[in-house]
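Geometric and topological summary
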Amino acid sequence: MQENFSLKPYNTFGVDAKAKYFIEVQTLEQLRDAISYSKDHHLQILFLGGGSNILLTKDFDGLAIKLSFKGISEEDLNENEVLVTAKAGENWHEFVMYCLEKNYGGLENLSLIPGNVGTSPMQNIGAYGTEIKDIFVSCTVLDLENLELKTFNLEQCHFGYRDSIFKQEGKGRYVILEVSFKLTRKDHHIKTEYGAIKTELDNSGITHPTIQDVSKAVINIRQSKLPDPKVTGNAGSFFKNPTIPLVQFEELKHQFENIPGYPNGDVVKVPAGWLIEQCGWKGKQIGNAASHKLQALVIINATGNATGKEIFDFSTEIINSVKEKFGIELEREVNIL
Ligand SMILES: Cc1cc2nc3c(=O)[nH]c(=O)nc-3n(C[C@H](O)[C@H](O)[C@H](O)COP(=O)(O)OP(=O)(O)OC[C@H]3O[C@@H](n4cnc5c(N)ncnc54)[C@H](O)[C@@H]3O)c2cc1C
């Protein structure tokens, strides 16, 4: 266990906040010991995966536990399906690549999302028309109340858009240890309708894409649009796309005729990036924080020296101006600590 430990390398914003104590755990026994220690010493706990969805606004006066359990196992379900289970500390993109090498389908649209497998159920990670709920079978967690193991199936996770039981009523109670996915061995369900995947494939002359082709297309698109956290600190989309009542959307349409929206029954999902851009934030910098020049939805640590508080205040300014112009309240997707 280390004391007064800088978490700068452990969050993709590159914010230099300190944890009072820090420990990296590789086994369940080590995790149980660390939790017991924090209980005995009345320390708050912060679990860390890849640190790609957190904003540290101040030093953490407790025990930060970096989850580094490793291992991937497989079980045949039937001729066409395989159950693949990965431990929490496996890197998400490396796990996706592992599955693609074995020609297991289902994860290809989720290529190049930063972070770890254990965190993937937290916000039901999603991209390019796929969310993990589409292939998720179950996850094993440790219940911090009684230190017992528990399994959550798909239904029990209450997955929603960037949401799950682990961000709601189960917040802070469960630590996810491993996650199981049902993937296809053949007859893959290729999804190319979303975003620019089809155009990307057309440009490469690919008319009958494999899951590997889809993955490459997704990687190319992501690399051209999103800042690499290794170069510029960020946590991907800072806000969720808001869902508003159809009536409100229709009223806004009178005033802003180009406003994009994706109707679903009596609600409409509006791209947060468009709203932010309309308020003049795209590429704008205040102090060390900025909105990315290619994607207004991404807030960046522009100089590498931004504090978490600076980034948080920047995000509040964006929320206020979107609220003022459109009457829509943006919700942060990133976990604020
Ligand atoms: C460039 C970029 C692009 C991104 N694109 C996408 C995208 O397309 N789609 C998408 O959904 N997300 C995206 N994200 C966000 C992020 O990658 C995901 O949310 C990812 O799942 C976070 O994983 P992590 O391990 O880094 O989480 P962390 O940041 O380490 O943790 C996030 C939260 O979960 C808690 N936590 C971590 N591990 C566990 C565990 N095992 N059990 C319980 N709690 C835990 C932490 O305490 C924290 O509150 C992007 C981020 C970046 C930087």
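Residues numbered from 1 in each chain as written. Predicted model: local features only at pLDDT ≥ 70, side-chain atom pairs only at ≥ 80, totals over all residues. Heavy atoms only, no water.

**Details of the domain arrangement of the protein chain**
Looking at the assigned domains, one finds that the protein chain contains domain 1 (2-67), domain 2 (72-225) and domain 3 (233-336). For domain 1 versus domain 3, the separation of C-alpha centres amounts to 29 Å. Taking both partners together, domain 1 and domain 3 bury about 1100 Å²; carbon and sulfur atoms supply 55% of that area. When the buried area of domain 1 at its contact with domain 3 is split by residue, Phe13, Asn53 and Leu55 rank highest and sum to 60% of it. When grouped by side-chain class, the residues that make up the side of domain 1 that touches domain 3 number five nonpolar, five polar and one charged. (Domains from an automatic or database assignment. Buried area = accessible area lost by both parts, 1.4 Å probe. Nonpolar A, V, L, I, M, F, W, Y, C, P; charged D, E, K, R; others polar.)

**Thoughts on the site of the ligand**
Taken together, the neighbourhood of the ligand is formed by 33 residues, with Phe47, Gly49, Gly50, Ser52 and Thr119 sitting nearest. Gly126 places a polar main-chain atom, nitrogen or oxygen, 2.8 Å from a nitrogen atom of the ligand. Here Arg222 contributes a side-chain N or O atom positioned 2.7 Å from a nitrogen atom of the ligand. Relative to its free-state accessible area of 980 Å², the ligand is covered by the protein chains to the extent of 93%. The set of elements that each furnish at least two residues to the shell around the ligand consists of strand 3 (45-48), strand 8 (126-127), strand 12 (174-184) and strand 13 (233-237). (Near = heavy atom within 4 Å. Polar contact = N/O pair within 3.5 Å; in protein donor to acceptor, adjacent residues only side chain to side chain. Areas by Shrake-Rupley, 256 points an atom, 1.4 Å probe, with all protein chains shown as cover. Helix = DSSP H or I, 4+ residues; strand = E, 2+ residues; numbered from the N terminus.)

**Examining the layout of surface pockets**
When its volume is computed, the second largest pocket comes out at roughly 230 Å³. Surrounding the second largest pocket, 16 residues form its lining, Gly105, Gly106, Asp134, Ile135 and His189 being those nearest its centre. Every element with two or more residues in the lining of the second largest pocket is listed here: strand 10 (136-143) and strand 12. Counting residues per element, the lining of the second largest pocket draws most heavily on strand 12, at three residues. The residue makeup of the lining of the second largest pocket, split by class, is four nonpolar, seven polar and five charged. (1 Å grid on protein atoms, 1.4 Å probe; cavity = no way out; pocket = protein on both sides within 12 Å on 5 of 7 lines; lining within 4 Å. Points joined across faces, edges and corners; volume = space filled by probe spheres on them.)

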